[in-house]
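Chain by chain, the residues run as shown.
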Amino acid sequence: MGWACAAVGTPGMTVSLQMRYHRPVPLESPLRLPAHVTGTEDRKVYVAGSITTEVHPATVLVAAEGVFVSPDPEHVQALFPGLREPRARLSPPPARR
């Protein structure tokens, strides 16, 4: 969910995270973790995401909602050294298998 914040140019730190487990998450199965920004308010970024399996991407196993806060611009570089400039886009990490 943090990558969703960074992808829209507002990297942030987690303020709150709520997760609801709808079904068991299988061990050693490839998972999908899609997330998207649902809104912003000042420095707060609201994100929704889920966990599904690659085999059944329409079946939500876990649903999540989070609130992230963007740090003051002068602290961004120290907290996010991969960022070339404040509000720049980051690439998500490579998928693991």
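Before any of the text, the structure's been laid out above.
This is a predicted model, so every value here is computed, not measured.

Colleague: What should I look at first to understand the pattern of salt bridges in this one?
Modeller: Pairing between side chains becomes possible if they bear opposite charge and their charged atoms approach one another. Per the counting criterion, the structure on display carries two salt bridges. A salt bridge links arginine 20 to glutamate 65, with the shortest nitrogen-to-oxygen separation between them at 3.9 Å. One end of the pair, arginine 20, is in strand E1 (residues 13-21); the other, glutamate 65, is in strand E5 (residues 62-69), and 45 residues separate them in sequence. A relative accessible area of 38% means that arginine 20 is categorised as partly exposed. With a shortest N-O distance of 3.2 Å, aspartate 72 and arginine 43 are connected by a salt bridge. You can see aspartate 72 sitting in the loop between E5 and helix H2 (73-79) and its partner arginine 43 sitting in the loop between strand E3 (35-41) and strand E4 (44-53), a full 29 residues away along the chain. Note on arginine 43: relative accessible area 41%, which makes it partly exposed.

Colleague: I would appreciate a short explanation of the side chain of threonine 53 in the present structure.
Modeller: Of note, threonine 53 is situated in strand E4. Separated by 3.0 Å, the side chain of threonine 53 and the backbone nitrogen of histidine 56 make a polar contact. Aside from chain neighbours lying at most four places away, what touches threonine 53 is Pro26, Pro30, Leu31, Arg32 and Leu61.

Colleague: Is there a simple way to think about the nonpolar core in this case?
Modeller: One broad rule of soluble globular proteins: the nonpolar side chains tend to lie buried together. If you look at the biggest cluster of nonpolar residues, it comprises five residues: Ala4, Cys5, Val45, Val47 and Phe68. Put simply, the parts of the chain that give this core at least two residues each are helix H1 (2-7) and E4. Apart from the residues lying within four places of it in its own chain, the contact partners of cysteine 5 are Thr10, Pro11, Gly12, Val37, Val45, Val47 and Phe68.

Colleague: Any chance you could explain a nonpolar patch on the surface here in plain terms?
Modeller: Together, Leu17, Met19, Tyr21, Val25, Leu31 and Leu33 give the surface a local cluster of nonpolar side chains, amounting to about 570 Å² of exposed area. The element contributing the most residues to the nonpolar patch is E1, with three residues. Mapped onto the elements of the fold, valine 25 is located in the loop between E1 and strand E2 (31-32). Classification of valine 25 as partly exposed rests on a relative accessible area of 32%.

Colleague: Honestly, unusual backbone geometry in this entry has me stumped. Any pointers?
Modeller: What is expected of a backbone is that most residues other than glycine have negative phi and most peptide bonds are trans. Its identity is not glycine, yet glutamate 28 carries a phi of approximately 50 degrees, on the positive side. Tracing the backbone through its elements, the reader meets glutamate 28 in the loop between E1 and E2. By relative accessible area, which is 84% here, glutamate 28 ends up exposed. Positive phi, normally seen in glycine, also occurs at aspartate 42, with a value near 55 degrees.

Colleague: Can you walk me through the environment of serine 16 in this structure?
Modeller: As for its position among the elements, serine 16 is in strand E1. Residue serine 16 is classed as partly exposed on the basis of its relative accessible area of 31%. Spatially, the C-alpha atoms of serine 16 and phenylalanine 68 are 7.1 Å apart, while their sequence positions differ by 52 residues. Excluding anything up to four places from it in sequence, serine 16 contacts Glu65, Gly66 and Val67.

Conventions we followed
Residues numbered from 1 in each chain as written. Predicted model: local features only at pLDDT ≥ 70, side-chain atom pairs only at ≥ 80, totals over all residues. Heavy atoms only, no water. Salt bridge = Lys/Arg side-chain N within 4 Å of Asp/Glu carboxyl O. Helix = DSSP H or I, 4+ residues; strand = E, 2+ residues; numbered from the N terminus. Buried < 20%, exposed > 50% of the residue type's maximum accessible area, 1.4 Å probe, protein only. Polar contact = N/O pair within 3.5 Å; in protein donor to acceptor, adjacent residues only side chain to side chain. Contact = heavy atoms within 4.5 Å. Core = buried A, V, L, I, M, F, W, Y, C linked by side-chain atoms within 4.5 Å. Patch = residues over 30% accessible without salt bridge, like charges linked within 9 Å, V, L, I, M, F, W, Y side chains within 5 Å. Areas by Shrake-Rupley, 256 points an atom, 1.4 Å probe, with all protein chains shown as cover.

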